[in-house]
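If you want the building blocks of each chain, they are given just below.
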Amino acid sequence: MNPIDLPLGRPSEPVPRIAGPDSFPDDVAAGLAADAATIIARYPQPRSALLPLLHLAQSVDGYLTNAGIRFCAEQLGLTDAEVTAVATFYSMYRRTPTGRYLVGVCTNTLCAIMGGDAILDTLQDHLGIEAGETTPDGAVTLEHIECNAACDYAPVVMVNWEFFDNQSPSGARDLVDDLRAGHPVVPTRGAPLCPFTQTARTLAGLPDPRPDTGPLFTGDATLAGLQVAREQQGRP
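Fair warning: this is a prediction, and the values are worked out from it, not measured in the lab. (Residues numbered from 1 in each chain as written. Predicted model: local features only at pLDDT ≥ 70, side-chain atom pairs only at ≥ 80, totals over all residues. Heavy atoms only, no water.)

(A) Looking closely at the packing of helix α3 (residues 66-76) against helix α4 (residues 80-87). For the pair α3 and α4, interaxial distance at closest approach is 8 Å and the crossing angle is 115 degrees. As α3 runs across α4, the sense of the crossing is right-handed. In this structure, α3 contributes I69, R70, C72 and A73 to the contact, and α4 contributes D80, V83, T84 and A87. Partitioned by chemical class, the residues of the contact of α3 with α4 number five nonpolar, one polar and two charged. (Axes fitted to C-alpha atoms, helices over the stretch in contact; angles between N-to-C directions. Helix = DSSP H or I, 4+ residues; strand = E, 2+ residues; numbered from the N terminus. Left-handed = near helix turned anticlockwise from the far one by under 90°. Contact = heavy atoms within 4.5 Å. Nonpolar A, V, L, I, M, F, W, Y, C, P; charged D, E, K, R; others polar.)

(B) Unusual backbone geometry, seen in detail. Residue A154 is joined to P155 through a cis peptide bond whose omega torsion reads -5 degrees. Within the secondary structure, P155 sits in the loop between β2 (140-145) and β3 (157-159). Despite not being glycine, N160 has its phi angle at roughly 50 degrees, a positive value. As for its position among the elements, N160 is in the loop between β3 and β4 (162-164). Positioned with a positive phi, N166 is a non-glycine residue whose angle comes to about 50 degrees. Mapping N166 onto the fold places it in the loop between β4 and α7 (169-181).

(C) Expanded view of a nonpolar patch on the surface. A cluster of nonpolar side chains, L51, F89 and Y90, forms an exposed patch at the surface whose accessible area comes to about 300 Å². Along the chain, L51 falls in helix α2 (residues 50-61). (Patch = residues over 30% accessible without salt bridge, like charges linked within 9 Å, V, L, I, M, F, W, Y side chains within 5 Å. Areas by Shrake-Rupley, 256 points an atom, 1.4 Å probe, with all protein chains shown as cover. Salt bridge = Lys/Arg side-chain N within 4 Å of Asp/Glu carboxyl O.)

(D) Main features of the sheet that holds β2. Ordered in space as β2-β1-β3-β4, the four strands form an open sheet in which the pairing is mixed. Of all the strands in the sheet, just β2 and β4 have a single pairing partner and so form its edges. Neighbour-to-neighbour, the strand axes of the sheet open up by a mean angle of 25 degrees, direction not taken into account. (Pairing = 2+ DSSP bridges.)

So this is what it looks like as C-alpha cells:
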C-alpha cells in the first residue's frame, strides 16, 4: 500500500497557555478559601470538588490564571500539573481575559445548516474581531461553541450560557449591540443575564442572586419527536 499523506491543519482558534498572576491578593484569597470550604464540604472526597473550584477561581478575573490553578491545588492537596490537566481539558474554563458577556455561536451540524455559520461570520465582521477574541471595550468575547443540546431551537446563540434561540444574523447583530450599549437583554429561557464572573460563581455552586425564573420551558419544537412517536404507536 502506498502511504497516505494527511496534512494536519492548524486550529481555527488560538489555544493559549494558562498564564497571568501567580497568586491572588490576600483579601481575595481569604474570601475564596471560605467559599471553597463550603463547596468542598459537599463531596466525600475533596478532589471531587475540582470542577466547581475551577469555576470559583475563574470568577475572580473572568479566566483561569496561574493563581487560580495554584489556589485549587492547595485547597485539594493536588499538584499544579494535576489541576492544569483538568482545566485544559474542558473548554468552559477560559485561558484568556473574557468580556462581561461571553457570546457563543453554535456551529455544530444542525445549527450550521440552519444558519449558525452565517451568524458567526456576521458577528466577526460586525464586531471586528475573530472567534476567541474580545472587543476593545471589554464588553463581548466571541467564540464558536459545540452543541449545547438545543438543536430543537437551532440556530442557537448563548450569552454567558443563557439561551437565545432561533437566531438570525441580523438578530444576533442587534443582540451584541444591545449588550455593548448596556441595554436590557432577556434570554429566550432561563435566568436573567449577569456578568460572566457572576456566572462562574453560580456554576461553582454558590447562591445565585438572580430571581428564580422557574424551570426551562418545553415548547412545541422540543416535543415534536415525542408526538410523532406517540402517533406511530397509536397513542394520543
